[in-house]
Amino acid sequence: MRWGAIGPGATGITTLKMTAGDYLLVCFMLNAEDVPHMAFGMIKPITVIESSAPVAALPEAKVSIDMVDFGFDFSGAISAGPQNISVTKKGKEEHEAFLIRLAPNATATDFVGAVALDAPPAASR
Ligand SMILES: [Cu+2]
């Protein structure tokens, strides 16, 4: 199963509005033994520094996605082809979003069944 993966020879592009601070670039992909690639070195600390230099303008987004507690609200349909999509976290919780291409005829229910989502222990919520 691949999630958020960029296949061999492919390129992914993202535009981020970064704030200064320390970050980690991490690959959570699993190998055949279910060990995440970060265990093999795909983890890299990054420091984003303060700067007064001009920054690039954010691309105009045709579609926006709001991450709310707990769901995704879309401003409209997403068309095929290159897209600029703005993603904004609303609500109080931190969230993340992975875009996963479904296999032909697969459904969200199939995906949830395949990853066997378990509710986290109450103490960790
Ligand atoms: Cu990896």
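These numbers were taken from a predicted model, which means no experiment stands behind them.

*Asks:* I would appreciate a short explanation of the coordination of the copper ion in the present structure.
*Replies:* The expected angle between donors at a tetrahedral four-coordinate metal is 109.5 degrees. At an octahedral six-coordinate metal it is 90 or 180 degrees. Taken together, the protein donors to the copper ion comprise Cys-27 (SG), His-37 (ND1) and Met-42 (SD), at separations of 2.0 to 2.7 Å. For the copper ion, all donor residues lie on one chain, and their spacing in sequence is C-x9-H-x4-M. Of this pair, Cys-27 sits in the loop between strand S1 (21–26) and strand S2 (43–48) while Met-42 sits in the loop between S1 and S2, placing them 15 residues apart in sequence. By relative accessible area, which is 15% here, Cys-27 ends up buried. A relative accessible area of 47% means that Met-42 is categorised as partly exposed.

*Asks:* Help me understand the pairing of strand S4 (residues 71–74), please; the structure alone is not making it clear to me.
*Replies:* Each regular strand shows side chains that alternate between the opposite faces of the sheet. In this structure, strand S3 (residues 63–68) lies alongside S4, joined through 4 bridges in antiparallel fashion. In the sheet register, Met-67 faces S4, and the bridge partner there is Phe-72. Turn length for the S3-S4 hairpin, with the two strands adjacent in sequence and antiparallel, is 2 residues.

*Asks:* Help me out: how do you make sense of helix H1 (residues 108–115) in this one?
*Replies:* Because the α-helix completes a turn every 3.6 residues, residues three or four places apart line up on one side. Counted residue by residue, H1 has 0 buried out of 8 residues, so it is predominantly exposed. Ala-116, located one to two residues past H1, shows a positive phi value of around 50°.

*Asks:* Sorry, what's going on with the pairing of S1 here?
*Replies:* Along S1, only 0 of the 6 residues are buried, which leaves the element largely exposed. The sheet contact formed by S1 and S2 spans 6 bridges and is antiparallel. Paired with Leu-24 across the bridge in S2 is Pro-45.

*Asks:* Could you clarify how one ought to interpret the pattern of salt bridges in this entry?
*Replies:* Under the criterion given, the structure shown has 2 salt bridges. Among the ionic pairs, Lys-62 bridges to Glu-60, the shortest N-O distance being 3.8 Å. On the basis of relative accessibility, which here comes to 60%, the residue Glu-60 falls in the exposed class. In this structure, the salt-bridge partner of Asp-66 is Lys-90, at a minimum N-O distance of 3.4 Å. In this pair, Asp-66 sits in strand S3 while Lys-90 sits in the loop between strand S5 (85–89) and H1, placing the two residues 24 residues apart along the sequence. Judged by relative accessible area, Asp-66 falls into the buried class, the value being 19%.

Cut-offs applied
Residues numbered from 1 in each chain as written. Predicted model: local features only at pLDDT ≥ 70, side-chain atom pairs only at ≥ 80, totals over all residues. Heavy atoms only, no water. Donors = N, O, S within 2.8 Å, 3.2 Å for Na, K, Ca; no water. Helix = DSSP H or I, 4+ residues; strand = E, 2+ residues; numbered from the N terminus. Buried < 20%, exposed > 50% of the residue type's maximum accessible area, 1.4 Å probe, protein only. Pairing = 2+ DSSP bridges. Salt bridge = Lys/Arg side-chain N within 4 Å of Asp/Glu carboxyl O.

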